[in-house]
Structures are given as structure tokens and as C-alpha cells.
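Architecture and fold: a report
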Amino acid sequence: MEKYMSRAMELAERGAGFVNPNPLVGAVIVKAGRIIGEGYHERCGENHAEINTFEDAERRGEDVSGATMYVTLEPCSHYGKTPPCADAIVEKKIGKVVVGLLDPNPLVSGRGVAKLEAAGIEVVTGVLEEQLKRQNEIFLHYITEKKPFCIMKTAMTLDGKICTRTGDSKWITNEKSRVHVHETRHRVSAVMVGVNTVIADDPMLNTRLEGRTASDSVKIVVDSAGRIPLDCKLLNMEFEKETIVATTDRIPDEKLKAIEAKGARVIVTPEKCGRVDLPRLMAELGKLGIDSVLLEGGGCLNFGALRENIVDKVQCFIAPLIIGGSESKTPVEGEGFDYVREGIAVSDLEVSNYDGDMLLEGYIRRR
Ligand code: AOF
Ligand code: ZN
């Protein structure tokens, strides 16, 4: 069973970056020990995985009646952008359905399985559940919280610096680590930075993956006082997705209008400790359908995000390099906490090796 579910999970992965805010879903149909159909949810708004899998079986000239379907997520029971998959499964006379994860979407949550069982189909649930929860961590968070899943990405030297005292940072991490960052940008709906990063680096924040179609992300600049340079790349280059400037009433009116005239969206939140109200911003982004945000610094915004409790996951690259300097910047700055006991604990930490760079990934339990 795990073997086929694992294949379905592999197929689901191909939708990464294209299905948001929908889940990654893959399916295979097996008959007499042979895979007779494969498919996945390819793009938000298009066919669900199950339907693509039926179409694949049909193309192969296979008869799916009595077969077993392995699907990574509970088949839907609702009329959304497409009709219910559970109905299609019944109609196609599938004999048994093996489900990875139950769908926490309130429109589904158990009703998909109930529909199948009511039609006399045998249903098994919870196969490869832990891996599938990880694969769909963005969807699982967004569908219940309605706020984006926030990943804080940092990259530093062995001595904890993100650049030298002169501001030089190219490159601390190696090529493989940097490709991984672009893969994460591809996977998420939005990339977010503080205005100081825009002033210092004038970044593009787009997704660049050689030889692959990559999906660009919405670009968000947190800029409490409206200091963003009007000639920066984010406001002037043509991107696939929009740029959002998140600010407060401190922004001068003319500046707000000038930013909008550049085609960017401006979100104004009330001030919170003189800055953008980050939890409020996340709620606004959720309303726009943004299910995930990759936070790429700088240190001041990173600290604010941690303190305001909007970060869910940390992704920290450490390069085997030492640059020193008491003036050299570090990944998380701001005011910092007064006491160690106030520090933010990261759990389920995992370490992987990226050609000699280390990647540490872990989760922050929201307090
Ligand atoms: C499935 N198979 O491949 C996916 C499912 O707006 P819609 O119609 O695309 O519905 C989206 C919801 O359907 C989504 O929130 C999730 O609950 C479920 N996604 N279900 O049976 C799929 N992508
Ligand atoms: Zn469906």
C-alpha cells in the first residue's frame, strides 16, 4: 500500500508552486497489481487529481471498474471550481479507495469518505499520513487558519553573520543552497522582505530555476513609513505576480499614490508599536488567497515577525565560512529579547547537507 501511496505523493509534488492555495494531490489506480492510471492536481482551478487519473486510464484504454484508487488526500464531496471527486469515483465503479490524509477543509472533512462508504466502496485512511502532512503543511495551515503559512529563511556563516561589516554578502551560501531557496520561492505564494533590504540590495525576489518553468511569487515589502525607493526593481520591473507594499498611516499621501501609480498594491494597517501590524497583515494576505509567505529578512523584520508570532517554520542555512566583525549583521536583529527564557523555541529540527552548507529546518509552535 505504501508503495502506491508513495508514487501518488511523488505525482502530487509536481503541482508544487502551481496549485496554491489548493493542496498538492496525487493519485494512482491499481488493478491486478499493475498501475493503470496516474495523475495529479496540476493547477488551481483545473481538474482535481482523481479526474486527471481517470483521464489517464482512459487514454491508456484501461477499465477502472473494480480497481483500487490510491489518493493522497480525501476525495472532495463539494461543488467547488469542479464537481465532487467522490461522485466521479462512485460513477467509475472503483472498488476500493486508499486515502492518505483526511481533508480538513470544512466543505469536505470526512464527507468525502462518507460518500464513498455510503456507495459501498471500501475505504482505508491514514496511509503515509505523516509524510503527507509535511508535504501539505501549507494547505493544512491555510485551510484552517485562513492566514498564510510563514517560513523564515536565513543564511549565515558559521559565526552567525549574514554579511561582512561592509555589507558584502555575495555569496555566503553555495549554489545548491541558493537553488533550494528558489525552489522554496516557487513553492510559496509570496516572498516578503523589510524595506531596509530593498534599500540596501534592490532585490528582484523572483523565482529563477534553470531549465524549469517556475512560478513567480507575489512580492511583499514591509515599509512602515513609506521609505521604499520609487526607482527600485520591485516597483519597476515586469513580474508575473504583483508587488504589495505593506505600510501604516505614517506613509505620506503622495508616496502612497506614487506607489500605486507604479501598479503596486498598498495595504495600510494600523500602527503596532510604530510599525506595520504583522498579524493583521497576515490576515489581509490570507483574504487575498495568499496561503504561504517566505520571509527573507532583514534582521529587523525577522525579529518583529518572531515576536509577533507569525512565523511557522524556520529554514536556516549555515555556510562553513567565518567572517567576523562586531558590526557584521546577523539574521535576527531588532531589539531582541531581554531574557533567554523569552527566546523562541524551534522544534522537530532536521539537518541536511547541501554540498557542504548545512540546512536546519524546524517548526515554531504558535504561542
Ligand atoms: C480532491 N482532489 O486534487 C484536490 C482537492 O476550488 P476547488 O473546486 O478546486 O476545490 C478546492 C478544494 O478541494 C480544496 O480546498 C481541497 O479541500 C480540495 N482539493 N480535492 O478531491 C484534488 N486538489
Ligand atoms: Zn476533488
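Definitions and cut-offs
- Residues numbered from 1 in each chain as written.
- Chains lettered and ligands numbered in written order.
- Predicted model: local features only at pLDDT ≥ 70, side-chain atom pairs only at ≥ 80, totals over all residues.
- Helix = DSSP H or I, 4+ residues; strand = E, 2+ residues; numbered from the N terminus.
- Rg over C-alpha atoms; globule rule 2.2 N^0.38 Å.
- Buried ≥ 20, exposed ≤ 12 C-beta atoms within 10 Å, placed from the backbone.
- Pairing = 2+ DSSP bridges.
- Axes fitted to C-alpha atoms, helices over the stretch in contact; angles between N-to-C directions.
- Contact = placed C-beta atoms within 7 Å.
- Domains from an automatic or database assignment.
- Nonpolar A, V, L, I, M, F, W, Y, C, P; charged D, E, K, R; others polar.
- Near = placed C-beta within 6 Å.
- UniProt positions renumbered as here; feature names shortened; annotations may be inferred.
- Arc of directions from axis to C-beta.
- Right-handed = clockwise from strand over helix to strand, strands pointing away.

**Some points on the overall build of the protein**
Counting secondary structure elements, the protein contains twelve helices and 16 strands. Relative to its length of 367 residues, the protein is compact, with a C-alpha radius of gyration of 23 Å against a globular reference of 21 Å. With the principal axes as the frame, the protein shows a C-alpha extent of 65 × 45 × 45 Å. Residues counted as buried form 42% of the 367 residues belonging to the protein.

**Digging into the sheet that holds strand S4 (residues 96-101)**
With mixed pairing, the five strands of this open sheet are ordered in space as S2-S1-S3-S4-S5. Sheet topology places strand S2 (34-40) and strand S5 (122-125) at the edges, where each strand pairs with a single neighbour. Each adjacent strand pair in this sheet contributes to an overall mean axis angle of 15°, direction not counted. Of the pairings in the sheet, the one linking strand S1 (residues 26-31) to S2 comprises six bridges and is antiparallel in character. Bridge assignment links Val28 to a residue of S2, and that residue is Glu38. Contacts from helix H1 (residues 2-13) reach S1, S2, strand S3 (68-73) and S4 within the one sheet, and its direction differs from that of S1 by about 145°. Its contacts with the sheet put helix H2 (residues 49-59) on S1, S2 and S3, and the angle it makes with S2 is roughly 135°.

**Some remarks on helix H12 (residues 299-307)**
Along H12, the positions that sit buried rather than exposed are Leu301, Asn302, Gly304, Ala305 and Leu306. Elements that come into contact with the buried residues of H12 comprise strand S6 (149-157), strand S7 (190-194), strand S8 (218-222), strand S12 (275-276), helix H11 (278-287) and strand S13 (292-295). Immediately downstream of H12, the backbone of Asn309 shows phi near 65°, a positive value.

**Description of the domain arrangement of the protein**
Per the domain assignment, the segments of the protein are domain 1 (1-135) and domain 2 (147-364). Spacing between the C-alpha centres of domain 1 and domain 2 amounts to 35 Å. On the side of domain 2, eight residues touch domain 1, which itself brings five residues to the contact. Looking at the side of domain 1 that touches domain 2, its residues break down into three nonpolar, two polar and no charged.

**Considering the site of ligand 1**
Contacts to ligand 1 come from 18 residues, most closely from Val25, His41, His48, Gly80 and Asn105. When grouped by side-chain class, the residues that make up the shell around ligand 1 number nine nonpolar, six polar and three charged.

**Concerning the UniProt feature "domain: CMP/dCMP-type deaminase" (unreviewed entry) in the protein**
Following the UniProt record, the feature "domain: CMP/dCMP-type deaminase" (unreviewed entry) maps to residues 1-124 here. In residues 1-124, the share of helix is 31% and the share of strand is 23%. The end C-alpha atoms are 10 Å apart.

**Observations regarding the environment of Glu13**
You can see Glu13 is positioned in helix H1. Owing to 14 C-beta atoms within 10 Å, Glu13 belongs among the partly exposed residues under this scheme. Remark: the alpha-carbon pair of Glu13 and Gly120, spanning 107 residues in sequence, is separated by 31 Å.

**A few points about the environment of Gly80**
With respect to the element layout, Gly80 can be found in the loop between S3 and helix H3 (85-91). Remark: the alpha-carbon pair of Gly80 and Gly45, spanning 35 residues in sequence, is separated by 9.0 Å.

**So, the UniProt feature "binding site: substrate" (unreviewed entry) in the protein**
Those places that UniProt annotates as "binding site: substrate" (unreviewed entry) correspond, in this numbering, to Arg185, Leu205, Arg208 and Glu296. Positionally, Arg208 belongs in the loop between helix H8 (195-201) and S8. For Arg208, a count of 14 C-beta atoms within 10 Å translates into the label partly exposed. Excluding its chain neighbours within four sequence positions, the residues that come into contact with Arg208 are His182 and Ala214.

**Brief notes about H11**
Considered for burial, the residues of H11 that qualify are Leu278, Leu281, Met282 and Leu285. Buried residues of H11 fall within an arc of 100° about the axis and therefore sit on the same side. Downstream of H11 by one or two residues, Gly289 has phi in the positive range, about 85°.

**A short note on the pairing of strand S9 (residues 243-247)**
Of all the five residues making up S9, five are buried; the element is thus mostly covered by neighbouring parts of the structure. Side chains of S9 alternate between two faces, with Thr243, Val245 and Thr247 and Ile244 and Ala246 buried alike. The pairing of S8 with S9 spans four bridges and is parallel. Within S9, the residue paired with Val221 across the bridge is Val245. Strand direction decides the pairing type here: S9 and strand S10 (residues 265-268), joined by four bridges, are parallel. The residue of S10 that forms the bridge with Thr247 is Val268. Note that the unit made of S9, helix H10 (residues 253-261) and S10 has a crossover that is right-handed.

**Quick look at the sheet that holds strand S16 (residues 357-363)**
Strands sit in the order S10-S9-S8-S7-S13-S6-S14-S16-S15 across an open sheet of nine strands; the sheet is mixed. The outermost strands of the open sheet, each flanked by one partner alone, are S10 and strand S15 (347-354). Across the sheet, the mean angle separating the axes of adjacent strands is 20° when strand polarity is ignored. Strand direction decides the pairing type here: strand S14 (residues 313-319) and S16, joined by six bridges, are antiparallel. Note on S16: the bridge partner recorded for Cys316 is Leu360.

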